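A structural walkthrough
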Amino acid sequence: GVLRAAAVLGVSAEHSRNFFDTLTFAHDKADAIVQAALEEGINLRKFDSAGRFGVSVDETTDRADVEGLMRAIAKATGADAARVADAMATFDADNEQVIDTPRQSKFMQHPVFNRYHSETELLRYLSNLERRDITLRDSMIPLGSCTMKLNAAAELLPVTWPEFADMHPFCPEDQAKGYYGMIESLNKWLASLTGFAAVSTQPNSGATGEYAGLLCIKAYHESRGDTERDICLIPNSAHGTNPASAVMCGMKVVGVKNDAEGNVDVEDLQAKVEKHSKRLAALMITYPSTYGKYERGVDKVCDLIHEHGGQVYMDGANMNAQLGLCSPGAIGADVCHLNLHKTFAIPHGGGGPGVGSIGVAEHLAPFLPGHVIAPQGGEGSNVVPKRQGQVAAAPFGSAGVLPISWMYIRMMGNQGMLDTSRVAMLNANYIAKRLEKTYKILYRGENGQCAHEFILDL
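Residues numbered from 1 in each chain as written. Predicted model: local features only at pLDDT ≥ 70, side-chain atom pairs only at ≥ 80, totals over all residues. Heavy atoms only, no water.

Our next topic: the nonpolar core. Counting 50 residues, the largest nonpolar core has Leu190, Leu233, Leu269, Ile305, Leu340, Phe344 and Leu402 as its most contacted members. For this core, the elements supplying multiple residues, two or more each, are helix H8 (177-194), strand E6 (231-235), strand E7 (252-256), helix H11 (266-275), strand E8 (280-286), helix H12 (298-307), strand E9 (311-315) and helix H14 (402-435). Examining the composition of this core, we find that 7 residues originate from one element, H8, more than from any other. Discounting chain neighbours no more than four positions away, the residues touching leucine 340 are Leu186, Leu190, Ala345, Ile346, Val355, Ser357, Leu402 and Ser405. (Core = buried A, V, L, I, M, F, W, Y, C linked by side-chain atoms within 4.5 Å. Buried < 20%, exposed > 50% of the residue type's maximum accessible area, 1.4 Å probe, protein only. Helix = DSSP H or I, 4+ residues; strand = E, 2+ residues; numbered from the N terminus. Contact = heavy atoms within 4.5 Å.)

See the structure below:
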């Protein structure tokens, strides 16, 4: 339809047979067509190469949109209204050929579709369904080191607003100033909570955050001519995805032992740091550890790595036990990822969507992910907008769910963040105390307490 209608106005697609929802057109008036379309309220993709522009359509595109596009092409190319009418006649004829017979049978006939007529009734129905399954409200579920949240309706409501939900990830920046403002303020809060200089929300999972953080470290070493630095030290108590992320970045993983109390074995670490000093790229450490412990002397561990030219990556999977109490930046880490889909309330059921934002120290800020289509480099100090280094398809990753974390932090405030960590630790220690006579609690701190989680020996 669109392809043949544009052809009537003398604008031909580069590929007329094999395409899905996007067409690329070539015309010497391409720039004028893009500008005329903008005046019609239509965004077209302008390619860097002269004389080309792109058009994408989906199920929301209607006849009025196509007619607006045809008017824009006509205005730019000098075609008259009669030619536009001919183009639309071609479009209509094509549509008549492809539209199948409309559905005649009835649908949505089950009583449930017409039983609930208010938000309250519907929520009660959904809660009733929830109670038929085991949930975090009823029991413990083996979720590793994830710390989930119950989500207030006020946090979730903004994602339904068209201003957020209907925004295209590549729309011009001047059409998304509110969105950009929300992302900037969110990342400013995240930078404050982590003690870092800059934050990028582009990674859309915790594992992608690990990968992006290690890429920052790798790019930093390369910028200094330290291209031989490829050793990544990872303690046994670190998060399970760390070794895979390091390998994906081209690093070689060297394991570090833990002592009988679950702490990083400082003697083993010292020996391996000295052995690989000239090739040391990074240490990946989780704090508190996946053993449920605040690592003793973690700041000195960071100092040791820095003395030998390495960088410290802190896995933020357990950030829920740091909020308001300490921060990765203050401890000595150079980069840390944050699971907004865990620590900052984005629902994580069913595998997503997730946001694995990364915070970095000022010297790593220039190496935050860029984007080939929409150059950027995160928010904060010392960031550098660029086209290379992207780790997700969209410039801001899973941007559609960022309002949830924004609302969560805004409503909780500084004291709420602190209370979140305190309550998480209180809950974990309460459960550990109740179970210690029946099960063995493997690791505890020097005061006999755990962080926000613990390991049972069954």
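Okay, back to it.
On inspection of all chains with the given rule, the structure shows 9 aromatic pairs. A centroid spacing of 6.3 Å and a plane angle of 20° characterise the contact between tryptophan 161 and phenylalanine 164, whose relative ring orientation is stacked. Look at phenylalanine 164 and you get buried, because its relative accessible area is 16%. The structure contains a cluster of three or more aromatic residues connected by ring pairs, namely Trp161, Phe164 and Tyr179. (Phe/Tyr/Trp six-rings, centres within 6.5 Å; stacked < 30°, edge-to-face > 60°.)

With that settled, consider the pairing of strand E4 (residues 52-56). Judged from the 5 bridges that link them, strand E2 (residues 22-26) and E4 form a sheet pairing that is antiparallel. In the sheet register, alanine 26 faces E4, and the bridge partner there is arginine 52. With 2 bridges connecting them, strand E3 (residues 45-46) and E4 associate as antiparallel partners. Bridged to arginine 45 within E4 is glycine 54. If you look at the hairpin formed by E3 and E4, you'll find 5 residues sitting between the two strands, and glycine 51 has a positive phi there, around 80°. (Pairing = 2+ DSSP bridges.)

The next point concerns the packing of helix H2 (residues 30-39) against helix H3 (residues 63-77). The N-to-C vectors of H2 and H3 enclose an angle of 135°; their axes lie 8 Å apart at closest approach. Put simply, H2 runs oblique to H3. As for the relative orientation of H2 and H3, their crossing is right-handed in sense. Packed against H2, whose contacting residues are Ala32, Ile33, Ala36, Ala37 and Glu39, the element H3 presents Ala72, Ile73, Lys75, Ala76 and Thr77 at the interface. Across the contact of H2 with H3, the residue classes tally to 7 nonpolar, 1 polar and 2 charged. (Axes fitted to C-alpha atoms, helices over the stretch in contact; angles between N-to-C directions. Parallel < 35°, antiparallel > 145°, perpendicular 65-115°, else oblique. Left-handed = near helix turned anticlockwise from the far one by under 90°. Nonpolar A, V, L, I, M, F, W, Y, C, P; charged D, E, K, R; others polar.)

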